[in-house]
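Overview (structure and organization)
Next come the chains, spelled out residue by residue.
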Amino acid sequence: MPLIQKPRAKVLVTEKLSNDGMALLRTSLDVDEHKNLSPKELLSKIPEYNALIIRSETQVTDLVLQAARNLKVVARAGVGVDNVDVSEATRLGIVVVNSPSGNIGAAAEHTIALMMALARNIPEACASLKSGKWERSKFIGVEMKGKVLGIIGLGKVGLIVARLAKGLGMTINALDPYASLSVAASASVNLVPSLPELLSCSDFVTIHTPLIASTRGMIGAAELAQMKTGARILNVARGGTIDEDALLAALESGHLAGAAVDVFTTEPPTSDTTPGKLIAHPKVIATPHLGASTVEAQENVSVDVCEQVLEILNGSLPRSAVNAPLILPEEYQKLQPFVRLVEKIGIRHPPGGSMTRNTFDLIYQGEVAGIHNTRPLYAALIKGLLAPISASEGFNINIVNAELIAHERGIFVSEQHSRDPSDSSSYSSLVTLVARPPSRAPSRAPGVTESSSSAPQQQQRIICGTCSGNRPLITRLDRFEASFEPQGNLLICVNYDSPGKIGVVGSILGREGVNINFMIVAPVSPKLRDNYDEGDAQLTEKEKLDSTEALMILGIDQAVPEQATAALVKEGGVLSASAITL
Ligand SMILES: NC(=O)c1ccc[n+]([C@@H]2O[C@H](COP(=O)([O-])OP(=O)(O)OC[C@H]3O[C@@H](n4cnc5c(N)ncnc54)[C@H](O)[C@@H]3O)[C@@H](O)[C@H]2O)c1
Ligand SMILES: O=C(O)[C@H](O)COP(=O)(O)O
């Protein structure tokens, strides 16, 4: 029989990306490069792609993301993600990754290059000479040595700028509410408490913050007025952090001696707009967003994001996601079999029915309880619980959006790490899902001693599971002790534990054309009966024995027809039968 090959995942690259990363992608993915797409063209192309790789020019709007039915990841080959609607991506479960440090050295060096070019009038002097003039006295500059540099945003780029500027003999002040004192001290940077303080004593001011609500328009007319007369300002971070109109006015009035600008509110700018006028101003040195444009930086960011795209499309967790938690690879490896288990446990709840409960305890016991970051397990549970509707409503659930979706749907999960070995003693790890009865107080999961309540237990549903090697196993369904792999088409029957039942069930299924692959009988655990048994208090000893039930789990090689489950109950004396595909 010819092998049916899985279609290769598709990647759309909309901006110039170095070949180093692209070559990695091409080994296993279909890569299409379409540069300069209009917003309309991007909207029409995006539905067919699983990954989108961009730089700063592509606007990944909410509309693009909503149209992107198959998109798993937006990869930004660089730092800034202000051109991506990250919250919409999060809602839709689309991972957004970037390259947090691939181009920071390039951006810092560009800043220093611009600062020196500003100080020594290099572009103007070069243009003058090329036009045939020899104007030595017109281009007298200033030195860096002994001057004060004020850095706004002492993050990755800001810190490299600080170290390089220190080497030029400058005094470095910085403003960053989140900066570490020790990191600043190690780079000989004085952290100042306020913007006016930083602005008023700097000869040069450079901005290295992201463009976010609190930094948009952070430097306006009032702030520029606080700068020393004759000072210079640089922006290699993002257009919009400085008010471009105010900057133009401060240069025009002669208050500032110069500005160097690499980034603009509109890119590319047109000549009749403020950014265009700024670029044309004689005291401005402008570059067309070149901070990251070095061969080395472009190799770095390309390899960084292409590797992440490959990993994410292969089902691994992202290492530099801006909208997903960081989980170390070794931690994820330990979690992976449990992720599969918990998703199956979630799908299994409630047995054979629609989701009627919304409050759960997810209890980890044994070794799995020692894993600190169980966010992938939480996400797997939400994915499993909502599996019936997520497919029909067309949304993905993953680690990116699980919490948001659970919140929207009113699902509450209390994760408990129990060190109590009592119930997990036969397994190295045990995961228990307790679905609490609607509108009831928390109730006690058998064997989980720290969860305590005297609320009635008869309506809570319990599923336990473990992993044997990489294989997930269900070990308990309510009061039945079992051991089966939650995989494929399963038929789960509750019946009285009496002789001949297996034969009856087998012959009805045979008549209905249902082929049985395996069958497991799961009795009520005596230990569990003591802890948890529906309404046992009213039963006599004899009735208890007579009414002993068992669970029959049958592996079937196809979906079980409804008439077969109905016949089992009607003719076979089975108490309940439910078919499930896991
Ligand atoms: N021009 C280019 O080509 C280019 C290249 C690389 C990075 N960038 C841009 O440079 C900026 C910085 O990049 P990074 O990698 O250093 O980011 P980063 O996240 O490492 O650092 C940003 C710093 O800004 C600080 N900050 C946030 N809000 C602040 C505020 N209101 N006041 C003072 N500080 C504040 C943060 O605490 C953080 O330390 C980003 O906007 C990035 O997009 C531009
Ligand atoms: O945030 C960044 O990484 C820079 O602005 C670089 O943008 P670019 O990739 O478009 O050059």
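The notes below deal with the structure included here.

Reading the values: the criteria
- Residues numbered from 1 in each chain as written.
- Chains lettered and ligands numbered in written order.
- Predicted model: local features only at pLDDT ≥ 70, side-chain atom pairs only at ≥ 80, totals over all residues.
- Heavy atoms only, no water.
- Helix = DSSP H or I, 4+ residues; strand = E, 2+ residues; numbered from the N terminus.
- Buried < 20%, exposed > 50% of the residue type's maximum accessible area, 1.4 Å probe, protein only.
- Contact = heavy atoms within 4.5 Å.
- Areas by Shrake-Rupley, 256 points an atom, 1.4 Å probe, with all protein chains shown as cover.
- Near = heavy atom within 4 Å.
- Polar contact = N/O pair within 3.5 Å; in protein donor to acceptor, adjacent residues only side chain to side chain.
- Expected span 1.5 Å × (residues − 1).
- Bend = angle between axes of the 7 residues up to and from the residue.
- Nonpolar A, V, L, I, M, F, W, Y, C, P; charged D, E, K, R; others polar.
- Salt bridge = Lys/Arg side-chain N within 4 Å of Asp/Glu carboxyl O.
- Core = buried A, V, L, I, M, F, W, Y, C linked by side-chain atoms within 4.5 Å.
- Pairing = 2+ DSSP bridges.
- Axes fitted to C-alpha atoms, helices over the stretch in contact; angles between N-to-C directions.

Let us now look at the overall build of the protein chain. For the protein chain, the count of helices and strands is 21 helices and 22 strands. Every one of the 582 residues in the protein chain was classed for burial, and the buried ones make up 50%. For the protein chain, contacts bridging at least 24 residues in sequence account for 68% of all contacts bridging at least 6. Carbon together with sulfur atoms contributes 53% to the accessible area of the protein chain, which is approximately 27100 Å² in total.

By nearness alone, every residue bordering ligand 2 is listed as Arg55, Ser56, Arg76, Ala77, Gly78, Val79, Gly80, Asn103, Arg238, His289 and Ala292. Between ligand 2 and the protein, one listed contact pairs an oxygen atom with a side-chain N or O atom of Asn103 at 2.8 Å. With respect to ligand 2, the side chain of Arg238 contributes an N or O atom lying 2.7 Å from an oxygen atom. When isolated, ligand 2 has an accessible area of 310 Å², and the protein chains bury 91% of it.

Attention now goes to helix H14 (residues 329-348). In a regular helix each residue adds 1.5 Å, so 20 residues correspond to 28 Å; H14 covers 28 Å between its end C-alpha atoms and thus fits that length. At Leu335, H14 shows its maximal bend, which comes to roughly 40°, and the proline Pro337 appears one to four places after that position. Among the residues of H14, those classed as buried are Tyr332, Leu335, Pro337, Phe338, Val339, Leu341, Val342, Lys344, Ile345, Gly346 and Arg348.

Taken together, 27 residues surround ligand 1, and among them Lys156, Val157, Asp176, Val236 and Asp262 come closest. Taking Val157, its main chain carries an N or O atom lying 2.8 Å from an oxygen atom of ligand 1. Protein chains bury 87% of the 860 Å² of accessible surface belonging to ligand 1 in isolation. For the shell around ligand 1, the elements supplying multiple residues, two or more each, are helix H5 (104-119) and helix H7 (156-167). Among the residues making up the shell around ligand 1, the classes are represented as 14 nonpolar, nine polar and four charged.

On to the pattern of salt bridges, then. Counted according to the given criterion, the structure contains 17 salt bridges. Residue Asp30 is joined to Arg8 by a salt bridge in which the shortest nitrogen-to-oxygen separation is 3.0 Å. Placement of Asp30 in strand E2 (residues 30-33) and of Arg8 in the segment before strand E1 (10-13) is noted, with a sequence separation of 22 residues between them. Residue Asp30 is classed as partly exposed on the basis of its relative accessible area, which comes to 32%. Assessed through its relative accessible area of 39%, Arg8 is described here as partly exposed. Residue Arg26 is joined to Glu33 by a salt bridge in which the shortest nitrogen-to-oxygen separation is 3.2 Å. Connected via shared salt-bridge partners are Asp304, Glu307, Glu311 and Arg319.

The next thing to look at is the nonpolar core. Judged by nonpolar contacts, the single largest core of 74 residues is most densely connected at Leu25, Ile53, Val309 and Ile382. Apart from the residues within four sequence positions on either side, Ile53 is in contact with Val11, Leu12, Val13, Thr14, Glu15, Leu17, Leu25, Ala75, Val305, Cys306 and Val309. If you look at the next biggest cluster of nonpolar residues, it comprises 30 residues, including Ala117, Ala119, Val161 and Val236.

Quick look at the sheet that holds strand E22 (residues 576-581) now. Ordered in space as E20-E21-E19-E22, the four strands form an open sheet in which the pairing is antiparallel. The sheet is open, and its two borders are formed by strand E20 (516-523) and E22, each paired with just one other strand. On average, each strand axis in the sheet is tilted by 20° relative to the strand beside it, whichever way the strands run. With six bridges connecting them, strand E19 (residues 489-496) and E22 associate as antiparallel partners. Paired with Cys493 across the bridge in E22 is Ala577. Sitting on the sheet, helix H21 (residues 562-570) is in contact with E19 and E22, with an inclination near 155° to E22.

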